[in-house]
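Spelled out from the first residue to the last, the chains are:
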Amino acid sequence: MKAVTLGPAGTYSHRAARAVADEVEFRESVTGIVDAVADGEYERGVVPIENSIEGSVTETLDALSNREIAVTEEIVTPIRHALLAQSGNFDTVASHSQALAQCRTYLENEYPHVSLEAVASTARGVERARNDPTVAGIGHPDNAGEELQIVAEDIQDRKSNATRFFVVAPPSERSDAGGKSSVVVYPNANYPGLLLELLEAFAERDINLSRIESRPSGDRLGDYLFHVDFEAGLYEERAQEALADVEEIARKGWVRRLGSYDTRHVLY
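Residues numbered from 1 in each chain as written. Predicted model: local features only at pLDDT ≥ 70, side-chain atom pairs only at ≥ 80, totals over all residues. Heavy atoms only, no water.

Asker: What is the right way to read the packing of helix α2 (residues 30–38) against helix α3 (residues 58–66) from this model?
Answerer: Between two packed helices, the angle of one axis relative to the other and the distance separating the axes together describe the packing. Look at α2 against α3: their axes get within 9 Å of each other, and the N-to-C directions meet at 25°. Of the possible angle classes, the one that applies to α2 and α3 is roughly parallel. Where α2 crosses over α3, the two elements pack in a sense that is right-handed. On α3, the residues touching Val 30, Thr 31 and Val 34 of α2 are Glu 59, Thr 60 and Ala 63. Residues belonging to the contact of α2 with α3 are distributed by class as follows: 3 nonpolar, 2 polar and 1 charged. (Axes fitted to C-alpha atoms, helices over the stretch in contact; angles between N-to-C directions. Helix = DSSP H or I, 4+ residues; strand = E, 2+ residues; numbered from the N terminus. Parallel < 35°, antiparallel > 145°, perpendicular 65-115°, else oblique. Left-handed = near helix turned anticlockwise from the far one by under 90°. Contact = heavy atoms within 4.5 Å. Nonpolar A, V, L, I, M, F, W, Y, C, P; charged D, E, K, R; others polar.)

As structure tokens, this is what we get:
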């Protein structure tokens, strides 16, 4: 099986993708990954969906709502950030914006005067550090190689730092089986109690929502869609009944069932 994920080689996404496929190729954006899988170029894609410190990855949420795609698995992996540089003398720290945010307290305390540079991925930041002695990168300590020093390890603000990744596949691979499910709901409506109605559809059937998040629809100001993760498989009668209610509430809009899946914990 061939998978695609955020590159270049050495990103945390790459580490998660190796649990899915032996052959992994890369794109520079989550949108590019989802598009490539939806168009049938790859059998699987691996995209970050949520971090325990910084929350949801909005680019992933938007990409999942813009294309017909299936979620077939959830991978959870701990995140260990290290500061990597050619020496202890640098004036810029480059990494993915999420990694910079996850290490905010450390950087403010230890390097208050350095410039922070957001790049496409943690691996891209490490690549910058290899090519420029004035730049440090943030990435997994294994990415130091022979060219870089590990200036400091475990610099994330919380030691419990972990990221959820979604394994995405073409729509034909969507499954109703699994312990969790994800849907995207666009009500195309706005009235008092709308969100309460959506929540009650699940609460009345004793279905726990593990995440609900709103994102702008992009159609007009103040118009939103909702990403919902819940702890039940789409094969379950209670889930089918809940979604029937949700589809009635969103009858002027749409409901996209991303699929049901199980969780795999991958340790590095």
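Asker: I tried to follow empty space enclosed by the protein on my own but got confused; where do I start?
Answerer: Unfilled space is identified by rolling a water-sized probe across the atoms. All chains considered together, the criterion is met by 1 cavity of 30 Å³ or more. By volume, the largest cavity amounts to about 40 Å³. Around the largest cavity sit Val 185, Leu 198, Leu 199, Phe 202, Leu 209, Ile 212, Val 228 and Val 246, which together line it. Broken down by secondary-structure element, the contributors of at least two residues to the lining of the largest cavity are α7 (194–203) and β13 (209–216). Looking at the lining of the largest cavity element by element, the count peaks at 3 residues for α7. Taken together, the residues that form the lining of the largest cavity break down as 8 nonpolar, no polar and no charged. (1 Å grid on protein atoms, 1.4 Å probe; cavity = no way out; pocket = protein on both sides within 12 Å on 5 of 7 lines; lining within 4 Å. Points joined across faces, edges and corners; volume = space filled by probe spheres on them.)

Asker: Looking at this model, I keep getting lost on the layout of surface pockets. Mind explaining?
Answerer: For the largest pocket, the calculated volume is near 360 Å³. As for the largest pocket, its lining consists of 24 residues, of which Leu 6, Ser 13, Pro 48, His 96 and Gln 98 are closest to the centre. Of the residues belonging to the lining of the largest pocket, the class tally is 9 nonpolar, 12 polar and 3 charged. Counting only domains with at least three residues in the lining of the largest pocket, you end up with domain 1 (2–78 + 163–171 + 181–265) and domain 2 (82–153). (Domains from an automatic or database assignment.)

Asker: Just checking my understanding: could you explain the UniProt feature "domain: Prephenate dehydratase" (unreviewed entry) in the protein chain for this structure?
Answerer: What UniProt calls "domain: Prephenate dehydratase" (unreviewed entry) maps, in this numbering, to residues 2–170. Measuring from the first to the last C-alpha atom of residues 2–170 gives 13 Å, for a span that is 28% helix and 36% strand. (UniProt positions renumbered as here; feature names shortened; annotations may be inferred.)

Asker: What am I meant to see in the nonpolar core here?
Answerer: The tendency in soluble globular proteins is for nonpolar side chains to be buried as a group. Val 47, Leu 64, Ile 69, Phe 166 and Val 168 are the most contacted members of the largest nonpolar core, which totals 23 residues. Mapped by element, the contributors of at least two residues to this core are β1 (2–6), α2, β3 (44–51), α3, β11 (162–169), β12 (180–186) and β15 (254–261). Here this core gets 6 residues from one element, more than from any other, and that element is α2. Aside from chain neighbours lying at most four places away, what touches Leu 64 is Ile 49, Ile 69, Phe 166, Val 168, Arg 256 and Leu 258. Counting residues in each nonpolar core, the second largest holds 19 residues, with Ile 207, Ala 239, Leu 243 and Val 255 among its members. (Core = buried A, V, L, I, M, F, W, Y, C linked by side-chain atoms within 4.5 Å. Buried < 20%, exposed > 50% of the residue type's maximum accessible area, 1.4 Å probe, protein only.)

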